Amino acid sequence: MTSPPVEWTQSVWFTESVWLTSTFILILQSAQNAVYLYNIFLALPEFIHARARASRLSEWWMITSEATPPVSLLVPAYNEEATIVESLRSLLTLRYPEYEIIVVNDGSKDNSLGSLIEAFKLQPVKRAVPRRVAYAEVRGIYACEDLPNLLVVDKVNGGKADALNAAMDLASHPYVCSVDADSLLDSDALIRAVRPFIDHPETTMAVGGTIRVANGCTVRAGLVLEVRPPRRWVELFQAVEYLRAFLLTRMAWTRSESVTIISGAFGIFRRETLLELGGYEHGTVGEDMELVVRMHRWAASKGVHHAVHHVPDPVCWTEAPSTLKVLSRQRTRWQRGLCETLWKHRDMLFRPKFGRVGMLALPSFLVFDILSPLLELLGLVMVPLCYLAGILSLEFFLAYCAVVFSFGMCLSLSAMILAEYSLQHHRNVGDLIRLGIGAIVENFGYRQLNSWWRVKGIWQFLRNKKGWGEMTRRGFNEKKHGG
């Protein structure tokens, strides 16, 4: 009996390898979509509970109640001249009984400090610097006689984590809230976000709020007066993406007690816990996630029963990148931050000691945010080519397209519906239709670009790239921001 030709054997081996690889990619992406679908059902009770809880009566009770804790707002600023004044005006309009604002100019190269001094008539003051955590040299401290709850710190550049440490060290209240300098808060955002600390003061360690895209909205004097979807496609896709990520996924994490990210744009923490942990970590671009994961580690090692919450109705508005070039820098930086956190805390993976964070949350990041983008890009190239070459069947190709595109559209639309049910921001039918179109179109190109940026971020992490990259801001001073 003669053995088959070498060429035939190699061809069979190649075909089987392609089929197995394609099947694995299809299974992985199907599993990812199944997890997203599970998150929808997991998040639904949280949305219903949050909407039932969010009444005006409870807000006014909290404003007048002695149980509402004082909060220090920490605002790191680096080259934020375009947005910092409007952002600060937004913070000064918050409906909250007692709070202070500490802005840290982290060695900006633009006129961020000068614009603050001019807008709020700041004067130099002497203030003790405790130095309970590490941060770069403080060059000056400024205050306003008419605004006793405002403090501006000028320091040598040390990065966002360094600036947050300086602000936290100078804070005088037991709770601190980090707020990005390019963000605007709804006037009732803080009073809504602090609710878990009032309801569960013994166990709550951190609370995050929902981040929404301000591009397209009408902004005046630091207030979002009218909510409209962005008109530029790249901004519209981000608006839909933020609904899916900050509302759907993080509400599901809250339900499963596995929240590992509190956005640096808006998050409240116990100051005492942060000081015990040594503050924010230097040398990482993912300081927000790293801090929360480190808090989970600390609580597990001490046997402390704890909870980290995401609350949907306190809304923080941020200026989203308006060009693909700037957006690419942001997303690759986010991916590097994720890789840095997973690598630093890799010993928490699959460890029952760390509860659902170690057994569920961190492994899901590893599979769906590190491995999945690599395989998704491989699949986008390999599956169509192999179908055209006759290696894969039409049925397999259609199944792949259904998993990649159709299910993604359903998930985005579901997130949008849940967002409107919870927040009811968009009253105009045309706006809802535009968001719906964005939720459909983003699956054809934008989501694939995101996978590429994630892979690029992984490569930058492996090459040990540091730094944030330049983030261009247009500011909130337009009537129709981003219109």
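Note: the structure precedes this text.
*Asks:* Please give an account of the packing of helix H11 (residues 324-344) against helix H12 (residues 355-388) that cites residues and values.
*Replies:* Between H11 and H12, the least distance of the axes is 11 Å, while the angle of their chain directions is 140 degrees. The angle between the axes of H11 and H12 places the two elements in the oblique class. Crossing of H11 over H12 shows left-handed handedness. Touching Gln335, Leu338, Cys339 and Leu342 of H11 are Leu362, Phe365, Leu366, Asp369 and Ile370, all from H12. For the contact of H11 with H12, a count of residues per class yields seven nonpolar, one polar and one charged.

*Asks:* Which residues make up the packing of aromatic side chains, and what values go with them?
*Replies:* A full pass over the atoms with the stated rule returns five aromatic pairs. Aromatic pair Tyr96 and Tyr99: ring centres 6.4 Å apart, planes at 80 degrees, arrangement edge-to-face. Taken together, a centroid distance of 5.4 Å and an interplanar angle of 65 degrees make the contact between Trp253 and Phe365 edge-to-face. Taken together, the positions of Trp253 in helix H8 (residues 233-255) and Phe365 in helix H12 put the pair 112 residues apart, joining distant regions of the chain. Through successive ring pairs, a cluster of aromatic residues spans Trp233, Phe237 and Tyr446. When the ring centre of Trp233 is taken as origin, the NZ or CZ atom of Arg434, which lies over that ring, is 5.6 Å away.

About the thresholds
Residues numbered from 1 in each chain as written. Predicted model: local features only at pLDDT ≥ 70, side-chain atom pairs only at ≥ 80, totals over all residues. Heavy atoms only, no water. Axes fitted to C-alpha atoms, helices over the stretch in contact; angles between N-to-C directions. Helix = DSSP H or I, 4+ residues; strand = E, 2+ residues; numbered from the N terminus. Parallel < 35°, antiparallel > 145°, perpendicular 65-115°, else oblique. Left-handed = near helix turned anticlockwise from the far one by under 90°. Contact = heavy atoms within 4.5 Å. Nonpolar A, V, L, I, M, F, W, Y, C, P; charged D, E, K, R; others polar. Phe/Tyr/Trp six-rings, centres within 6.5 Å; stacked < 30°, edge-to-face > 60°. Lys NZ or Arg CZ within 6 Å of the ring centre and 35° of its normal.

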